[in-house]
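Close look at the chain arrangement
Chain by chain, the residues:
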Amino acid sequence: ASLTGDDFYINFNLQSGINSGTQEGANQVLITTTASSGSSTAPSNLVAKLNEGEAYSLSASVEVKVTNINTNEDIPYASIVIGDGCNTDVDCEEPYSCIVSSCIDGMCVNSVKDGYTMADITVVTDRYPEETTWSLVNDCTGVITLSGGPYLDAGVTNIVRECVTSSRKYTFTINDSYSDGICCSL
């Protein structure tokens, strides 16, 4: 699913303690957004105040649904599901063999199978992307589990997401074939 270039922030605005005097969005799940400007500060906008059972669409296919709000426990909480809308488990299938997908109350819920974890690798290329390669090596076997590059375009964010065995130790190595390092603005 493709979202806008905005960042979304989701929080439970419990009306208790330092927030006991809150007047807007008390005991609700709040969603705010801000433009992804690369800056550490940016104005934000409140886009949704959700009660239990309510939902908000972040895009045409990604929804945030509040499944439970409980303010009566010793540790109050809000339960939310973030995902694609669905009718059956088939609507939720992921391309990763270690992900178990289920359709629950119209929302896709994904979990990683025991013994696995997701490796998320992000490489941003410099002015010479054709010089950049990387590998993820299983330290127990010496086998390259994942690898990437060389790349074609400068200044591009390249993302690899794959399942790996969680009981293993891995070494990530990034290489610059010209040996001058990955650096410099475009």
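Everything that follows concerns the structure shown earlier in this document.
Before going into details, it helps to say that this report is about the structure given with it. (Residues numbered from 1 in each chain as written. Predicted model: local features only at pLDDT ≥ 70, side-chain atom pairs only at ≥ 80, totals over all residues. Heavy atoms only, no water.)

The subject of this paragraph is the nonpolar core. Counting residues in hydrophobic clusters, the biggest one holds 9 residues: V29, I31, A48, L50, L58, V62, V64, V66 and I69. Elements supplying a minimum of two residues to this core: strand 2 (28-35), strand 3 (45-50) and strand 5 (62-70). Ranked by residue count, the leading element in this core is strand 5, at 4 residues. Apart from the residues within four sequence positions on either side, V66 is in contact with V29, L50, N51, E52, G53, E54, S79 and I80. (Core = buried A, V, L, I, M, F, W, Y, C linked by side-chain atoms within 4.5 Å. Buried < 20%, exposed > 50% of the residue type's maximum accessible area, 1.4 Å probe, protein only. Helix = DSSP H or I, 4+ residues; strand = E, 2+ residues; numbered from the N terminus. Contact = heavy atoms within 4.5 Å.)

Before going further, it helps to spend a moment on the sheet that holds strand 2. The strand order 1-2-3 describes an open sheet built from 3 strands, whose pairing is antiparallel. Of all the strands in the sheet, the pair left with one neighbour each is strand 1 (6-13) and strand 3. Geometrically, the sheet is characterised by an average inter-axis angle of 20 degrees between neighbouring strands, direction not taken into account. As paired strands, strand 2 and strand 3 are joined by 5 bridges and run antiparallel to one another. (Pairing = 2+ DSSP bridges. Axes fitted to C-alpha atoms, helices over the stretch in contact; angles between N-to-C directions.)

For the structure shown, the criterion picks out 1 disulfide. The side chain of C98 participates in a disulfide bridge whose partner is C163; the two sulfur atoms lie 2.0 Å from each other. Every disulfide takes its handedness from the sign of the S-S torsion; for C98 and C163 that torsion is -85 degrees, giving left-handed. Of this pair, C98 sits in the loop between strand 6 (77-84) and strand 7 (99-104) while C163 sits in strand 12 (residues 157-165), and the two are 65 residues apart along the sequence. As far as the burial class goes, C98 and C163 line up, both buried. There is no disulfide at C140, and the cysteine sulfur nearest it, in C98, is 18 Å away. Under the relative-accessibility criterion, C140 is labelled exposed at 57%. (Disulfide = S-S within 2.5 Å.)

It is worth spelling out the side chain of N138 at this point. Here N138 lies in strand 10 (residues 132-138). Residue N138 is classed as buried on the basis of its relative accessible area of 8%. Of the polar contacts made by the side chain of N138, one reaches the backbone nitrogen of T141; its length is 3.3 Å. Beyond its immediate sequence surroundings of up to four residues, N138 is in contact with V143, T145, R168, K169 and Y170. (Polar contact = N/O pair within 3.5 Å; in protein donor to acceptor, adjacent residues only side chain to side chain.)

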